[in-house]
Every structure is written in structure tokens, then in C-alpha cells.
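As a plain string of letters, each chain reads:
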Amino acid sequence: MTTLSHLDSRGRVRMVDVSAKPETLREAVARGHVTMQPATLKLLRTGRAKKGDVLTTAHLAAVNAAKRTGEWIPLAHPLRLEGVDVTFGFTTRPAGVTIECRVRTTGRTGVEMEALTATAAAALTLIDMLKAADRTLTIREIALWEKRGGRSGTWVRTPARARRTRAKRPTPSRRTR
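The structure reproduced in this document is the subject of the present report. (Residues numbered from 1 in each chain as written. Predicted model: local features only at pLDDT ≥ 70, side-chain atom pairs only at ≥ 80, totals over all residues. Heavy atoms only, no water.)

The helix and strand tally for the protein chain stands at six helices and five strands. Each helix and strand of the protein chain, ordered N terminal to C terminal, gives the series β-α-α-α-β-β-α-β-β-α-α. Across the 177 residues of the protein chain, 34% fall into the buried class. For the protein chain, restricting intrachain contacts to residue pairs at least 6 apart in sequence, the fraction spanning at least 24 positions comes to 69%. (Helix = DSSP H or I, 4+ residues; strand = E, 2+ residues; numbered from the N terminus. Buried < 20%, exposed > 50% of the residue type's maximum accessible area, 1.4 Å probe, protein only. Contact = heavy atoms within 4.5 Å.)

With that out of the way, let us pick up the environment of Thr46. Relative to the elements of secondary structure, Thr46 occurs in helix H1 (residues 38-46). A residue is classified by how much of its surface remains accessible, and Thr46, at 44% relative accessible area, is partly exposed. A polar atom in the side chain of Thr46 sits 2.8 Å from the backbone oxygen of Lys42. One polar contact links the side chain of Thr46 to the main-chain carbonyl oxygen of Leu43, over a distance of 3.3 Å. (Polar contact = N/O pair within 3.5 Å; in protein donor to acceptor, adjacent residues only side chain to side chain.)

Moving on, we come to the nonpolar core. Core analysis: the largest hydrophobic core is formed by 28 residues, its most contacted members being Val34, Met36, Val54, Ile99, Leu126 and Leu130. Listed by contribution, the elements that provide at least two residues to this core are strand E1 (24-35), H1, helix H2 (54-67), strand E2 (83-92), strand E3 (95-107) and helix H4 (112-130). Looking at which element gives the most residues to this core, the answer is H4, with seven residues. Beyond its immediate stretch of four places on either side in the chain, Val54 contacts Leu44, Ala49, Leu126, Met129 and Leu130. (Core = buried A, V, L, I, M, F, W, Y, C linked by side-chain atoms within 4.5 Å.)

Here we come to the side chain of Thr105. Secondary-structure assignment places Thr105 in strand E3. Given the relative accessible area of 2%, Thr105 is considered buried. Here Arg80 takes part through its backbone oxygen, which lies 2.4 Å from a polar atom of the side chain of Thr105. Residues in contact with Thr105, not counting those within four places in the same chain, are Thr24, Leu25, Arg26, Arg80, Leu81, Glu82 and Val111.

Here we come to the environment of Glu71. You can see Glu71 is positioned in helix H3 (residues 69-72). In this structure the side chain of Glu71 is engaged in a polar contact, spanning 2.7 Å, whose partner is the side chain of Arg68.

Another aspect to go through is the packing of aromatic side chains. Under the definition given, this model contains zero aromatic pairs. A cation sits over an aromatic face here: Arg157 above Trp145, 5.7 Å from the ring centre. (Phe/Tyr/Trp six-rings, centres within 6.5 Å; stacked < 30°, edge-to-face > 60°. Lys NZ or Arg CZ within 6 Å of the ring centre and 35° of its normal.)

Below, the discussion takes up a nonpolar patch on the surface. Taken together, the side chains of Leu124, Ile139 and Ile142 present a nonpolar region at the surface, about 230 Å² in accessible area. Tracing the backbone through its elements, the reader meets Ile139 in strand E4 (residues 138-148). What makes Ile139 partly exposed here is its relative accessible area of 32%. (Patch = residues over 30% accessible without salt bridge, like charges linked within 9 Å, V, L, I, M, F, W, Y side chains within 5 Å. Areas by Shrake-Rupley, 256 points an atom, 1.4 Å probe, with all protein chains shown as cover. Salt bridge = Lys/Arg side-chain N within 4 Å of Asp/Glu carboxyl O.)

Note that every value here comes from positions in space, so none of it alone points to a role or purpose.
Here is the structure:
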């Protein structure tokens, strides 16, 4: 069974001591999606939202959130970030915006929480700036998609479609139960 690094031997929460770890290049990618009415997507794409430049504001919110993750998440380490890249894409079915945040540092601990926090902040900012036009805005599927660096190396999420396909095939242990 995997032990949780944020718990001490008595089960109390603690900030993990990373001082003995070597500094390595660390990178994490998180993605999320905000769904909306097609008319709202059109407002966004044409730059006609009443509150101004929605995507630039969401981009700045993501960068700021990544830099301040150590203040928001109680046991996250404050990190010196070396790069935060934020990209947006548009989808028509369902109508919405995809968000991808890629965060990099050279340090002793990963930047997964920074990437996830940045994605969440961008999504919340989109909702804040578009809610007057659309009350159906919904944040969906914020998840870590990649991480690189550190002792555990590289991890990449399997796309949902591949997971669904595999889930339909029973494993030998499931068939025998």
C-alpha cells in the first residue's frame, strides 16, 4: 500500500521535508474545460464580452495563481517558478473553452499543484467574466495530464477514450471474482 507523504508516523498532517532531494527540472501540465452556450462562445471569440478581454484576464489569473499556490494550498511548498504557459482552445460540441497550463521549475518538488491551481483560476475567471451573459457556465474535467522530473520521472495520463475502451475489457482478476 502506498503511504501518504503528508502524514507523519502518527497520522498527523505535515509539510514534507524536501531538503535532501536533489534539484531537477520539473514540469507539469494540467487541463480543464469550461462549457457554455454557443452564443456565449461567440461573444468570447468575437471579443464582445461586456467585461473586456476575457482570455487575457484568465491568462493573467492563471499565472498569478500558479505563483501563489503555496499560499492557497496549505501543505504545498512555495516555489520559484521558471515558466507558466497558458493556452486556450475553443470547442463547439460542447460549446466551450479548453484550458491548458504548463508550469516549470528547477527544484526539489514538483509543480503539479501549481498547474492545477492555474487551470482552476483560469476557469473561474472565465466564469466570472461571462456569467452575466450565461448562467449555465460549467467547469469540467480539471486534471493533471503530464508530469516530468524528480524521482518518479515522467507520467502521462491516458486519454479518456483509451481508458473507456480498456475498462470494457474485463481483467482476469475481475472474471474470477
